[in-house]
Each structure stands twice: as structure tokens, then as C-alpha cells.
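Breakdown of the fold
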Amino acid sequence: MEKSCSLLIHFDKGTPALANEIKEALEGNDVPAKIDAMKKAVMLLLNGETLPQLFITIIRYVLPSEDHTIQKLLLLYLEIIEKTDSKGRVLPEMILICQNLRNNLQHPNEYLRGVTLRFLCRLNEVDIIEPLIPSIMSNLEHRHPFVRRYAILAVMSIYKLPQGEQLLVDAPEKIENVLTTEQDPSAKRNAFLMLFQCAQERAINYLLTHVDRVSDWGELLQMVVLDLIRKVCRTNKAEKGRYIKIIISLLTAPSAAVTYECAGTLVSLSSAPTAIRAAANTYCQLLQSQSDNNVKLIVLDRLNELKSSHKDIMVDMIMDVLRVLSSPNLDIRRKTLDIVLELITPRNINEVVLTLKKEVVKTQSGELEKNGEYRQMLIQAIHSCAIKFPEVASTVVHLLMDFLGDNNVASAIDVVVFVREIIETNPKLRVSIVTRLLDTFYQIRAARVCSCALWIIGEYCLSLSEVESGIATIKQCLGDLPFYSVSEESEATDSSKKTQQANSITTVSSRRPAILADGTYATQSAASETVFSPATVVQGSLTTGNLRSLLLTGDFFLGAVVACTLTKLILRLEEVQPSKIEVNKATTNALLIMVSMLQLGQSSVLPHPIDNDSYDRIVLCIRLLCNTGDEVRQIWLSSCRESFVKMLSDKQLRETEEIKAKAQTSFSQPDDLIDFYHLKSRRGMSQLELEDAVQDDLKRATGEFVKDENDANKLNRVLQLTGFSDPVYAEAFVTVHHYDIVLDVTVINRTKETLQNLCLELATMGDLKLVERPQNYTLAPESSKQIKANIKVSSTETGVIFGNIVYETSNVLERTVVVLNDIHIDIMDYISPAVCSDAAFRTMWAEFEWENKVAVNTVIQDEKEFLDHIIKSTNMKCLTAPPYLKRLGSLWGVVTRRSRVRVVETTSCRNAGSALEDECGFLAANLYAKSAFGEDALVNLSIEKQSDGKLSGYIRIRSKTQGIALSLGDKITLKQKGGS
């Protein structure tokens, strides 16, 4: 068994020192050799060795030494060794050290006195301490503060022993006298701490007597004062008015630690607006004055808690919080923006947006490496502001559009998505946004940004000039046609044909897995005839146009989007252009572009040919331009935009429901007492106390005092550990709080005999560690005992706690063992629902290396019901919007191939209504959760309803660590059958 010690020393077990070598070194006169030998002895004792043969040697040769280092090591040695026998009595040889300790306590050197007093603080044997009491008390008046400091701590530790009050009857009185005359800050703090822990009334009297001088006390003493105030106010809430004045006076203390503790104490004791505002101001001042990033993150957490419970007060502090954006740390900036976005009101929206705009402009300097990520966060924040308050969109949209060509693709995507939403929700900005987009379109370099921008151009270019400008912009970015040319000589000769035939590979099929946008898997197949022709020349430089550059890299999904946009513009041109000649000319140019893209895709210029989906899409556009019906025109010009509008409304509805779900649930019992503020006596009450009383009354009246946990849930956490027929009955109440598990075990003696040395022996499996072993107890007949055990958790892996209860009786010589049932720690106690963007989900899905694939095997026959059951069982958040769950399943293209998403534009708009009903047989959804340790858990559910009514498919779990993937997979496997 390892022994506890106040000093941790590295020990190499590979070359342990022999006891004889240590003994020889200790008996010599070489001081460095003695020091080295004492260190080796201490390290061996710390690692489980007993070394009983060294004790007499140390008493004879080490005890008389005057060297300070040797004396310090001697005290460490005495702290570690066993001082009692098996029956708890002090060993006779321990009396030998009492005289040495007394000499040290009377030594002229203050260092020896101090370290000896510090050693006595860790001594629990009364027989050793009792002869030293007079020497200890005399050191309370020593001239050096180092000695007085540890003398006070020694008195406190002795007074706290079971027989301490008998050994030191007048200790509180003497310490109070010391406190009155003491000038050293540390010694004064120790004296007040002793009164606080051993004689609380004396500490309170001293505090109230010197209440006007508290702000002049040292930092250490002020921290103890705050601890005393918290303890007193929790036990007697009626007295808190006397102490809040002290807390407010300490808010201006020069120490940052004191002001931080003051703010936290003030929030925990009072809900008065004045107190909360003072605490919030203190936190904001700490954010500005402290340079440590960890301190700022902690303070931001406290402000986030204030925002949840006192949002109306925090709204006034929003600009102070925004100043933290000056920190270069991304985590601090992210947390600051999260707090600010929930405090926006019509009164402060303009100031907030103006600040965010200034920060966006600063990111253009390029001085910091992570400016792109910070700009992306700012764009997302401005997007949220503009959605909540559309009137500010006009002030930011044009500034953000300058970043459509940003090198940070994620930032550019956020901008174009923001523009797409604003142009729909703010019709007045349509003309200016379209004009600006057409002017800056050539700057866009990312294919995904181009696709979204083209969709905006196709949907919102309505007037004749806008349509013509849109077509001209696309033509300019595509460059001259054709995209490639073939040398005539290479085509004319028969030898070149034979070479082409020799170098051609006919029907090359390839199959490879792909990860789709919704997280599902698919197998991509391609069959093509590739001809390697050395006589091909690509016309036009890669810098002639962004669309041309992207097409020449083989991105034919973008080519299909270009074809769709041109088709929409031509169809709209037919409505707004009176001249048929101009319409025919524009249609001819559009057809020429589409045919050129098909030729490029089928040529050997590019390493990969055009995919079948993009080919079919472009061919469909060609056919529509050649023969357009009214029904098809309606789909292309109206239905797509209507689907987008519905998507925005569903998104808004979902966000509103999430806000309502986050609202605090109130519980108020019918017989709860309500104290009416206006009927109370106000005599002797300060304004802060009056405000606090009002807030408490309002909380009681509205039921804002929330119950921590439902009684039914508490009962579910009670686990039976032994059988009803066992002589000892035990059950445990398991409490899981982040990194800690507390087992509150109730042990009942069901026999008529006294159980002696009863011990709860526990062991763990997995990433669990028992903090301390419960001690032995004696149980009277038919009595019970509450035993607590603390366990530390280091990961989300499923852990098991097992053990037994061991006891002795007077009739049986052998120890009796009762084996306990295992306690399985559930992963659901560590994970909680969380939200992330689709882009972040896809990024994590691609990066995480651990995957657990679980086959669907359930009696549930409804897809949505099965999804709800999995969400409830895994405690995860569904990221896929409910209205679109079955739309994903209704279109095979959306579930299986990313490139088929564009089919939605023509086919799903008419059938969206039926796709949302219970008629489809497919469902795909993404789930997300975070663990208490910051780990991400990703789940993708893809199921299909078979002809016999049963569900089939797979549930895929991905995480960065193996433990959470395996544990979550086991949980889903266990729970997915339990639908009934």
C-alpha cells in the first residue's frame, strides 16, 4: 500500500537502495551522504517498504544533527512511518522523538521551530502531542512571524482532533488575543481561519467589530472573510443583510482574486438588481484588467451564468462584454460572441452591429494567422443579428459581400448564405444586392460559393436589365468558347486513329465509397471510354474567368448549376423582353455554352469525364430551352423559390421552439408561502435588502425556484447491492457530476449481533479511479450506516464498479464477505445534446477515425417513431430539421449521391407535400452530442422501410476516441429493440 505524504518525490523502482547501504551512510559523519541516504529512505517508505531496522539508527545518528536539510528530511520520515500498532496504540519507541521535537520547538533557529510546527499540523497521535502543548503555545508569541504563522496552524489542527478541546481548552480565546495584536498578514489570516473553523461566533464578533477596516486587510484575510460570510449566510439567510455591505466594500479591493470571489459570493447570496449589476461590473473589469486567457474564459463562464438568470441586467453590460473581442484568442472571442448574441435588443442592436463591422474591417489587415476563422465567426454573428433585426441588414450586407472572394472558403460560404437569406427576407435590398453581386461575382474562387451565388442570380434577377446583366456576367466568367480544340492533323491520318485506338481504354468502370452531405455513405460508379489524345489543346488561360477555371478542373456539378441558372434567366427573359430576336439570340448563346460543357466533359482533355448526373441535368436544360411548357416554366420560376421560403420559415420556427425549450421550467407548490413585500416591516433594512426581498417574493410567486431533480429520477438512481436474505443489506444512490461520481451507500445490519471492522471494499474497471477507501465501522444490531465513496472519471468509456462488504463478529473468528452487485456507469450520464452547423458536422465526420456501425434491428415500424426513440435513448440532438427528414428519404438522389441533390429543384417542389407525409419509406438524420469532457459524438441514422413493414438500415457512430463510439454503440444496440 502506498503511504500518503505532503511531499511527492520521483522514485526509480528499477534500482532500489538496500537498507544496509542506507544504514551505513546514516552512521557515518558525511553530511551529504546522510542527506542522500535519508532521501532514499523516504522514497522507499513512500513506495510501500517498511524498513523497521532503520528507526533506531535514525534516532541515534540523525536526530542529533544540526543540519537544517537533515532535520527537514527527518520530519518527513517521521510523518511517513507507522506510529501506532494494530490496536491503535502509539508504539513505545515513538516516545524517543518527543524530546527531540520539544528541543526543536525551543531551538533558537526560527526555521527549525517553523518546520517542526508544520510537522505537528499533520500529526494525529495525542500521546505524542500532549507533552508538546506548552512549547507550542509559547511559540504563539515568538518574535518571528514564520514561527507564529505555523504555531497558529498547529493549534488549529490539534484543536480539531477528537480530544483537542481537552488538550487546548482556552485555545480560541488565546488565538483571538493573538488576532487582535498580530501585524503579519499571513499569521493574521491563520488566526482568523482558526476562529472560523473552531469558534465561529468569535470570528463573527471580530468581523463585525472591525467591519469598517475590512477593506484595509490583506488579501489572504479577506478571502477567509468571504468564506465565513458564505457559510454564515447559508445557515442563516436572515443575517445576510449585515454581510452584503462587507462584500460590496470588498468589490473595490486591489486584489483580482478578492474581487472575483466577492462577485461570486454576491451573486450566490442576493438576487437584487443592484447586487447583480455590481457583480457584472466587477466581472467586466476583470476581463479588461487580466491578461491571462484562462482567467478571461472563467470570467466569461460566470457572465454566461448571469445571462441565463439575470438577462435583463446583463443587457446593459453588452458593450462592456464586447470589449473582450480585442483579445487575440479565438476561444475567448467565440465565447464572447455567444454571450452577446443572446443579449441583443432593439435598443443596442445598432451599437453591436457597428462594433462587429469594425472588427470585420480589422480582419482585413492580415496581421494574425487566424484572421480567417475570426472573420467567419463575425460573419455568422452579423448573420444572426440581421435575422433577428432585419432593419440592420442594409448596413452590413454590402460590407460582407466584399468577402465573397475570401481565401477562407468557410467564411465566403457563410457570406453567400447570409446574402441568400437577406435578399429573401428584405425585398427592399433586392436590387442593390443583385447589382453588387453581379459586380463582384468575378472575384469568387470557391465552387460552392459560386453555386450559391448563381442560384441567387437565377432566382432574383427579375427586371430586363438585371437578367441581361446576369447572362453577360456568366458569359464573361466562362470566357471564350469552345473550352478546348483538337488538332486537325491528328484527326486526319489513319495512323493517328490507330494510335488513339491503341491508347484508348474502353469501358473503364470504377467503384469507390463516398461520404454524402448528410453523413451517409454511398458507392459511386462510373463507366466511360477514355481516349488519350496527345493532340488536344485547351484554349484560354486559367485566369480568364473564375467559372472557366473551375470547369477546367473537372467540376461539372458547377457546370450543371451554370446550365440551370442560364435556363432560369432565359425563361425570365422571355417574360420581360418584348423582342423575340433578342430572346432567340440569348437562347442560342446559352445552348452553345451548355453543349460546349458537354463536349468538354466527354473529351479526353480532363482526367475524369463528366458524371452521369451532371450530364443528365445539362441535357434536361437543353431540352427545356428547346421546348418549354407552362407547367415546367412555373416549376423553374416559382416553385423553387417557394421551397426556399418554406425552408426559411421552418428554420425560424425550429429556432423559436428551441428557445422555448431552453426556457426555465418553474415549479411552485400550492401550499408554498409567499411573503408580501409591502406588508413587511422596513425598519432597519437597507435598499439592497429591500430589493432582495422583492426578488425573492417574485421568484416564489412565479415558481422560479426550480427543483433540482425529479423524485422519480432519484429513485431510478438507487441500486440494490445485496440480496434481501443477506445478513447485511446494502443499496447505493449514484450521483454523477461531470468528473465525479459519488456513491452514497446505505448499509443495514439485519442480524442480532454487533458487526465489527465492517468495511466497504470497492474496485473499478475502466477509466474510473477510487479517490479514497472508506474506513472501518462498527454496526450495532439492526442499525444502519451511511458510507460515501468518491470516484473520479477521466473519460466517457463505460465503467464498472464492483466490490464486497467485509465484517467480523464476536462468534466467528474468520471475516465474512458479502459480494456486491456490479454498478455500471452509464454513458448517458456524461453526454448532453448539443448543436453544430452542417459544415462543422461534415468536417468532424471526415476527420474522426473511430466508427461503430450498428445494424437496425427493431420492432418499431414507423421511421419517425424509431428516430424519436433513438434520440430519447441516446440523449442526443437531431440536427436535421423535422420537416425535411422524410424529404431526404423520398428522393433517392439526396440519400445516395450528393450530385443528385439538384434533382430537388425540378422534381421535389411539386411533390414536397407528399414527401412530408407518412408515405415514404426512407429516412436519414444526423444526431449530435457533446460529452462532459469536451468530446464530440456524431451519429448518422439511415433507414428504409421494407415491403413487410420492418425497418432496415444502419446507425453509424463516429468520434475522436474509441471509448465513446463503442459505449454509444452498445447503448443503441441495447435500446433500439425497446420500442414498446
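In this numbering scheme, every chain counts its residues from 1 along its sequence in written order. Owing to the predicted nature of the model, reporting of local features is limited to residues with pLDDT of at least 70; listing and counting of side-chain atom pairs is limited to 80 or more, with chain, interface and lining totals taken over all residues. Each side-chain value is worked out from all heavy atoms of the structure, with water and hydrogens disregarded.

The protein chain carries the name Coatomer subunit beta in an unreviewed UniProt entry, which gives Nicotiana tabacum as its organism. UniProt positions are given in the numbering used here, feature names are shortened, and annotations may be inferred rather than shown by experiment. As recorded by UniProt, the Subunit (unreviewed entry) comment attached to the protein chain reads in full: "Oligomeric complex that consists of at least the alpha, beta, beta', gamma, delta, epsilon and zeta subunits."

Further remarks concern the overall build of the protein chain. Helix numbers and strand numbers start at the N terminus; a helix is a DSSP run of H or I with at least 4 residues, a strand a run of E with at least 2. Within the protein chain, the regular secondary structure consists of 43 helices and 20 strands. Counting the 980 residues in the protein chain, one finds 47% classified as buried. We call two residues contacting when some pair of their heavy atoms lies within 4.5 Å. Taking as baseline every contact in the protein chain between residues at least 6 positions apart, the subset at least 24 positions apart corresponds to 68%. Of the roughly 49400 Å² of accessible surface on the protein chain, a fraction of 50% belongs to carbon and sulfur atoms. Partly exposed describes any residue whose relative accessible area lies between the buried limit of under 20% and the exposed limit of over 50%, with all areas from a 1.4 Å probe on protein chains only and scaled to the type maximum. For accessible areas, the Shrake-Rupley method is used with a probe of radius 1.4 Å. Any residue's cover is judged against the shown protein chains and nothing else.

Here the rule is simple: two strands pair whenever DSSP picks up at least two bridges between them. Relative to strand 10 (residues 777-779), strand 8 (residues 755-765) runs antiparallel, the two being bridged by two bridges. Paired with Leu 755 across the bridge in strand 10 is Leu 779. With eight bridges joining them, strand 8 and strand 12 (residues 799-808) adopt antiparallel strand pairing. Across the sheet, residue Glu 761 finds its bridge partner in strand 12, namely Asn 804.

It is worth spelling out the packing of helix 2 (residues 31-46) against helix 4 (residues 68-80) at this point. The interhelical angle for the contact between helix 2 and helix 4, taken along N-to-C directions, is 20°, at an axis separation of 10 Å. With respect to each other, helix 2 and helix 4 are oriented roughly parallel. Once helix 2 is placed against helix 4, the crossing between them reads as left-handed. Here Val 31, Lys 34, Ile 35, Met 38, Lys 39, Val 42, Leu 45 and Leu 46 of helix 2 come into contact with helix 4, specifically with Thr 69, Ile 70, Leu 73, Leu 74, Tyr 77 and Ile 80. Of the residues contributing to the contact of helix 2 with helix 4, the split by class is 11 nonpolar, one polar and two charged. Between N-to-C directions, angles cover 0 to 180 degrees, with each direction set by a line fitted to C-alpha atoms, over the stretch in contact for helices. Note on angle classes: values under 35 degrees are labelled roughly parallel, values over 145 roughly antiparallel, values of 65 to 115 roughly perpendicular, and the remainder oblique. Rotating anticlockwise by less than a right angle from the far helix to the near helix defines a left-handed crossing, while the corresponding clockwise rotation defines a right-handed one. Note on residue classes: Ala, Val, Leu, Ile, Met, Phe, Trp, Tyr, Cys and Pro are nonpolar, Asp, Glu, Lys and Arg are charged, and everything else, Gly too, is polar.

This part takes up the pairing of strand 11 (residues 784-793). Inspection of the sheet shows strand 7 (residues 740-749) paired to strand 11 by nine bridges, in the antiparallel sense. In the strand pairing of strand 11, Leu 743 is matched with Ala 789. Pairing analysis gives three bridges linking strand 9 (residues 768-770) to strand 11, with the strands arranged antiparallel. Counted as the bridge partner of Leu 770 is Ile 791 from strand 11.

Another point: the packing of aromatic side chains. Any Phe, Tyr or Trp ring, taking Trp's six-membered ring, that has another such ring centre within 6.5 Å forms a pair; planes under 30 degrees apart are called stacked, those over 60 apart edge-to-face, and the others tilted. The full count for this structure, using the stated rule, is 10 aromatic pairs. Taken together, a centroid distance of 6.5 Å and an interplanar angle of 10° make the contact between Tyr 111 and Phe 146 stacked. In this pair, Tyr 111 sits in helix 6 (residues 110-120) while Phe 146 sits in helix 9 (residues 145-159), placing the two residues 35 residues apart along the sequence. Here the aromatic cluster, defined as three or more aromatic residues joined through ring pairs, consists of Tyr 111, Phe 146 and Tyr 150. Lysine and arginine charges are scored as sitting over a ring when NZ or CZ, respectively, is within 6 Å of the ring centre and within 35 degrees of the ring normal. Sitting over the face of the ring of Tyr 954, Lys 853 holds its NZ or CZ atom 4.1 Å from the ring centroid.

All right, on to helix 38 (residues 838-847) then. Residues Phe 841, Met 844 and Trp 845 constitute the buried set of helix 38. Projected down its long axis, helix 38 carries its buried residues within an arc of 105°, all on one side. In helix 38, those exposed residues whose orientation departs by more than 90 degrees from the buried face are Ala 846 and Glu 847. It is the directions from the helix axis to the C-beta atoms that the arc portrays.

On to the pattern of salt bridges. For this document, the term salt bridge refers to a Lys or Arg side-chain nitrogen within 4 Å of an Asp or Glu carboxyl oxygen. This structure, assessed with the given rule, holds 26 salt bridges. We note a salt bridge from Asp 170 to Lys 174, for which the minimum N-O separation is 3.6 Å. Assessed through its relative accessible area of 34%, Lys 174 is described here as partly exposed. Between Arg 323 and Asp 320 there is a salt bridge, and its shortest N-O distance comes to 2.3 Å. What makes Arg 323 partly exposed here is its relative accessible area of 46%. Here the salt bridges share partners, and the residues they tie into one network are Asp 227, Arg 230 and Glu 261.

Let's shift gears to the nonpolar core. Leu 303, Leu 356, Phe 441, Leu 547, Met 594, Met 597 and Ile 618 are the most contacted members of the largest nonpolar core, which totals 122 residues. Considering every element that reaches this core, the biggest residue donor is helix 32 (residues 556-576), with 12 residues. Setting aside chain neighbours within four positions, we find Met 597 in contact with Phe 483, Leu 551, Phe 556, Gly 559, Val 562, Ala 563 and Ile 618. The set of buried Ala, Val, Leu, Ile, Met, Phe, Trp, Tyr and Cys residues whose side-chain atoms join them within 4.5 Å is what this entry labels a nonpolar core. In terms of nonpolar packing, the next biggest core, distinct from the first, is built from 99 residues, Leu 105, Leu 117, Ala 187 and Ala 191 among them.

Further remarks concern the confidence of the model for the protein chain. Here the protein chain averages 78 in pLDDT, while 80% of its residues score no lower than 70. In the model of the protein chain, helix 41 (residues 892-896) stands out as the element of lowest mean pLDDT, 31, in contrast to helix 9, which has the highest, 92. Below a pLDDT of 50 lies the segment residues 487-512, which in the model reaches 34 contacts outside its immediate sequence neighbourhood of four places, other chains included. Confidence of the predictor at the level of single residues is given by pLDDT, which spans 0 to 100. Throughout residues 703-710 the model reports pLDDT below 50, and contacts reaching past four residues in sequence, or to other chains, amount to 17 contacts.

For the rest of this paragraph, the subject is unusual backbone geometry. Although it is not a glycine, Glu 782 sits at a positive phi angle of roughly 60°. Secondary-structure assignment places Glu 782 in the loop between strand 10 and strand 11. Despite not being glycine, Asn 875 has its phi angle at roughly 60°, a positive value. Here Asn 875 shows up in the loop between helix 39 (863-874) and strand 17 (877-878).

A separate point is the packing of helix 25 (residues 409-425) against helix 27 (residues 447-460). Two numbers describe how helix 25 lies on helix 27: the axes approach to 9 Å, and their chain directions differ by 15°. Compared by their axis directions, helix 25 and helix 27 come out roughly parallel. Pair helix 25 / helix 27 crosses with left-handed handedness. On helix 27, the residues touching Val 409, Ala 412, Ile 413, Val 416, Val 419, Arg 420, Ile 423 and Glu 424 of helix 25 are Arg 448, Val 449, Cys 452, Ala 453, Trp 455, Ile 456 and Tyr 460. Taken together, the residues of the contact of helix 25 with helix 27 break down into 12 nonpolar, no polar and three charged.

Moving on: the environment of Gln 946. Here Gln 946 lies in the loop between strand 19 (936-945) and strand 20 (951-959). On the basis of relative accessible area, Gln 946 is assigned to the partly exposed category, the value being 35%. As for Gln 946 and Gln 861, which are separated by 85 residues in sequence, their C-alpha atoms are 9.4 Å apart. Polar side-chain contacts of Gln 946 include one of 2.3 Å to the side chain of Ser 952. Two N or O atoms form a polar contact when they lie within 3.5 Å of each other; inside protein one atom must be a possible hydrogen donor and the other a possible acceptor, and for residues adjacent in sequence the pair counts only when both atoms belong to side chains.

This paragraph deals with the side chain of Ser 959. Tracing the backbone through its elements, the reader meets Ser 959 in strand 20. When its relative accessible area of 1% is taken as the criterion, Ser 959 is described as buried. In this structure the side chain of Ser 959 is engaged in a polar contact, spanning 2.5 Å, whose partner is the backbone oxygen of Thr 961. Within the local environment of Ser 959, its side chain forms a polar contact with the backbone nitrogen of Ala 965, the two atoms lying 3.4 Å apart. Contacts of Ser 959, omitting those with residues within four sequence positions, involve Phe 848, Glu 849, Trp 850, Asp 936, Ile 964 and Ala 965.

All right, on to the state of the cysteines then. In what follows, a disulfide is any cysteine sulfur pair within 2.5 Å. Applying the stated criterion to the full structure yields zero disulfides. Free cysteine: Cys 564, not disulfide-bonded; nearest cysteine sulfur from Cys 621 at 4.0 Å. By relative accessible area, which is 5% here, Cys 564 ends up buried.

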